[in-house]
Each structure stands twice: as C-alpha cells, then as structure tokens.
Amino acid sequence: LGQFEGPLHLGPHINAETIKALGFDTVFSNALTGYNVGAAVGGSDINPYDKSEGEIQRFCQSYMTELSKYVGPEQDLPTMGMGFGEKEVGYMFGQYKRISMNFTGGARPFLSGASVFSTAPGYAVAH
C-alpha cells in the first residue's frame, strides 16, 4: 500500500473510541491534502502534563522500542498529535536511530512533508 502518515496522541482522554475517530478523520485529511499516503493514528492514555521530563523521555523511548518494527521512512510516518510535540518526536526518533539498522539519514523521517505545523490541530470541527 505504501507509506502511512498520522499523528500520535498522548493524554488521559485517549481511548480506543478516540483513536478510531481520529483515524477516520486522518483518512479524509490525508485524502484531501493530495499527499500519496495512507492514514494511521496511535497513542496512549499517559498524561504528559503531570510527568517529569525524564518520565516522558523514558516513556517515548519505550514506546518507540515497541513501535520500531512498524515505522520507518518506507512504512509509517508518525507525526505530532495532541500531547505529542516536537520534543516527544525527538525522543522517539533518537531511540529509533539507536535500534534501527536501516536508517541512512535524510531530513525529518518522522515529521514528513505533510506535517509542517509546530502544534497539533486537535479535534476536528464540522461546519
């Protein structure tokens, strides 16, 4: 199928229903932008706002250790989502570089061209 792109979300509000709804939204968002990518969404119900910097770093590294077999420049491109910003992407990418044997460099392998925002857009609004 090709690459998939979508955000990762962190927060106490994240559950299976939220991930399904955000995944549905991401399918249409990626389709409307014209980028030739599929859609994927993920996350955890950890609350990043009441954790120390070290706890967030360790969580992101552990999360990437498990996620590393499913992501990469040719597979899945995780992007920023609610509670998951540039700092968390940096922690995860650092772990990915440590454990991945197929990373050869390149610009922004996780924050691909479709993700030019420095913050997540949040929940969608229909009007």
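Here, the structure is the one placed above.
Described below are features of the structure shown in this document. Because the structure is a prediction, the values reported are computed rather than measured. (Residues numbered from 1 in each chain as written. Predicted model: local features only at pLDDT ≥ 70, side-chain atom pairs only at ≥ 80, totals over all residues. Heavy atoms only, no water.)

**Description of the overall build of the protein chain**
So, point 1. Along the protein chain, the regular secondary structure elements total 3 helices and 4 strands.
So, point 2. Its helices and strands taken in sequence order, the protein chain reads β-α-β-β-α-β-α from the N to the C terminus.
So, point 3. Out of the 127 residues in the protein chain, the part that is buried amounts to 40%.
So, point 4. The long-range fraction of contacts in the protein chain, counting pairs at least 24 apart against all pairs at least 6 apart in sequence, stands at 75%.
So, point 5. For the protein chain, the computed accessible surface area is about 7,600 Å², with 57% contributed by carbon and sulfur atoms. (Helix = DSSP H or I, 4+ residues; strand = E, 2+ residues; numbered from the N terminus. Buried < 20%, exposed > 50% of the residue type's maximum accessible area, 1.4 Å probe, protein only. Contact = heavy atoms within 4.5 Å. Areas by Shrake-Rupley, 256 points an atom, 1.4 Å probe, with all protein chains shown as cover.)

**Topic: the packing of helix H2 (residues 53–67) against helix H3 (residues 86–99)**
So, point 1. At their nearest, the axes of H2 and H3 sit 8 Å apart, and the two run at 45 degrees to each other. Between H2 and H3, the interaxial angle falls into the category oblique. Pair H2 / H3 crosses with right-handed handedness. For the pair H2 and H3, contact is made by Glu53, Ile56, Gln57, Cys60, Gln61, Tyr63, Met64, Thr65 and Leu67 and by Lys87, Glu88, Tyr91, Met92, Gln95, Tyr96, Arg98 and Ile99, respectively.
So, point 2. For the contact of H2 with H3, the class distribution of residues is 9 nonpolar, 4 polar and 4 charged. (Axes fitted to C-alpha atoms, helices over the stretch in contact; angles between N-to-C directions. Parallel < 35°, antiparallel > 145°, perpendicular 65-115°, else oblique. Left-handed = near helix turned anticlockwise from the far one by under 90°. Nonpolar A, V, L, I, M, F, W, Y, C, P; charged D, E, K, R; others polar.)

**A few points about the environment of Val37**
So, point 1. Secondary-structure assignment places Val37 in the loop between helix H1 (16–33) and strand S2 (38–39).
So, point 2. Distance in space between the C-alpha atoms of Val37 and Gln3 is 5.3 Å, their sequence separation being 34 residues.
So, point 3. With sequence-adjacent residues up to four places away left out, Val37 is seen in contact with Gln3, Glu5 and Asn30.

**Focus on the nonpolar core**
So, point 1. Counting residues in hydrophobic clusters, the biggest one holds 16 residues, and the most contacted among them are Leu8, Met64, Leu67, Phe84 and Met92.
So, point 2. Counting only elements with at least two residues in this core, the list comes to strand S1 (4–10), H2 and H3. (Core = buried A, V, L, I, M, F, W, Y, C linked by side-chain atoms within 4.5 Å.)

**Some points on the pairing of S1**
So, point 1. Among the 7 residues of S1, 6 are classified as buried, and the element is accordingly described as predominantly covered.
So, point 2. In this structure, S1 lies alongside S2, joined through 2 bridges in parallel fashion. Within the sheet, the bridge partner assigned to Phe4 lies in S2 and is Gly38.
So, point 3. The pairing of S1 with strand S4 (residues 76–79) spans 4 bridges and is parallel. Looking across to S4, one finds that Pro7 is bridged to Thr79.
So, point 4. The pairing of S1 with strand S3 (residues 42–44) spans 3 bridges and is parallel. The partner of Leu8 across the bridge, within S3, is Gly42. (Pairing = 2+ DSSP bridges.)

**Observations concerning the environment of Val41**
So, point 1. With respect to the secondary-structure elements, Val41 resides in the loop between S2 and S3.
So, point 2. In this structure, the C-alpha to C-alpha distance between Val41 and His9, residues 32 residues apart in sequence, is 7.9 Å.

**A short note on a nonpolar patch on the surface**
So, point 1. On the surface, a nonpolar cluster with roughly 470 Å² of combined accessible area is contributed by Phe24, Val27, Phe28 and Leu32.
So, point 2. Within the secondary structure, Phe28 is located in helix H1. (Patch = residues over 30% accessible without salt bridge, like charges linked within 9 Å, V, L, I, M, F, W, Y side chains within 5 Å. Salt bridge = Lys/Arg side-chain N within 4 Å of Asp/Glu carboxyl O.)

These results come straight from atomic positions and should not be treated as a statement about function.
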